[in-house]
2 protein chains.
Amino acid sequence: MSIINGDEHKLCFDHDPYTYAIKVFCNRWKPLIIYAIYVDSSTRYSKFLKNIPITEKVLANNLKELEKDGLITRTVFYEVPLRVEYSLTDTGRTVCPILDSIYAWGREEMIRNGIPIDAVGEMWHGYLPMDESFLE
Amino acid sequence: MSIINGDEHKLCFDHDPYTYAIKVFCNRWKPLIIYAIYVDSSTRYSKFLKNIPITEKVLANNLKELEKDGLITRTVFYEVPLRVEYSLTDTGRTVCPILDSIYAWGREEMIRNGIPIDAVGEMWHGYLPMDESFLE
DNA sequence: CAGTATCCTTAGGGATACTG
DNA sequence: CAGTATCCCTAAGGATACTG
């Protein structure tokens, strides 16, 4: 493993694991996308749009990055109509425990501060019994 | 605990624990700021600027948010010159294990991809012996 | 020392229409 | 169905000078 230290005594942003990790799986959308796949084991473009308040362009960008960074796999089924399934790679699955702990922390703080919590996330994370009607 | 579900079958962004947690401690700078305090138990404005590649305005903003969200405490010592110390609250300390796991994940991926890792972070996180000259 | 104030730039996201 | 393409917009960040 190589070590750098750019600006003498100052941490170099380009070589910081936090920056790397956060860019790869900890932005505004990726935890939700990853967890949506995790819950269903695999899922599709139109289903993300049904479950997450994300626009098409932003979803497409995030899916491409997640694929490029090796967290998800894109599989095309040449049917009519076309079907594409996204699933987690082994690497993708390694972030799930971290996502769980982030979710649990946010959840505790929101409860402590009296902020209501969304039912979909609660089902996805096992804090509420799963209601299939939410996930179709 | 109250549960909401805004748009019927779609997760509501404002009530999602990921969104909350990421806003509070998982942006571009906060992990570094929190960890800088954690390593020294308390630290000061000018020392952040020496160790982290952040500008004054952005540092000030992030410190205010961290204080407002209850992760850090600001203590003023009325000396000449003025001295201000930032330290972690109990809540602030609860994010450190999560930060550790995020760091460790990013670190592993960077190693796997042949990306060099910054020495300051490695010392802060115990992967390299601490060299005091880096932290003054 | 510990910050504000000011001005500027840009990446990221949002809405909507369109395509293979 | 699974995406692009286009246009717009604003919050976040960067540089630098200044203040109590």
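First things first, this report covers the structure right here in the doc. Owing to the predicted nature of the structure, the values given are computational and were not obtained by experimental measurement.

Rules of the game
- Residues numbered from 1 in each chain as written.
- Chains lettered and ligands numbered in written order.
- Predicted model: local features only at pLDDT ≥ 70, side-chain atom pairs only at ≥ 80, totals over all residues.
- Heavy atoms only, no water.
- Contact = heavy atoms within 4.5 Å.
- Buried area = accessible area lost by both parts, 1.4 Å probe.
- Salt bridge = Lys/Arg side-chain N within 4 Å of Asp/Glu carboxyl O.
- Polar contact = N/O pair within 3.5 Å; in protein donor to acceptor, adjacent residues only side chain to side chain.
- Helix = DSSP H or I, 4+ residues; strand = E, 2+ residues; numbered from the N terminus.
- Nonpolar A, V, L, I, M, F, W, Y, C, P; charged D, E, K, R; others polar.
- Pairing = 2+ DSSP bridges.

1. Points about the interface of chain B and chain A
Size of an interface, as often reported, equals the accessible area lost when the parts are brought together. On the side of chain A, 64 residues touch chain B, which itself brings 64 residues to the contact. Buried surface at the junction of chain B and chain A, both sides included, amounts to about 5600 Å², of which 70% is carbon and sulfur. Together, Leu 11, Tyr 18 and Trp 105 of chain B form the three largest contributors to the area buried by chain B at its contact with chain A, with a combined 15%. For the interface between chain B and chain A, the tally reads 0 salt bridges. Our count for the contact surface shared by chain B and chain A stands at 22 residue pairs in polar contact (both at pLDDT 80 or more). Those elements that provide at least two residues to the side of chain B that touches chain A are β1 (3–4), α1 (17–25), α2 (30–40), α3 (45–51), α5 (90–94), α6 (96–112), β5 (117–118) and α7 (119–124) of chain B. Here the side of chain B that touches chain A gets 13 residues from one element, more than from any other, and that element is α6 of chain B. Grouping the amino acids of the side of chain B that touches chain A by side-chain chemistry returns 38 nonpolar, 14 polar and 12 charged. Judged from the 2 bridges that link them, strand β5 (residues 117–118) of chain A and β1 of chain B form a sheet pairing that is parallel. Its bridge partner lying in β1 of chain B, Asp 118 of chain A is registered against Ile 4 of chain B.

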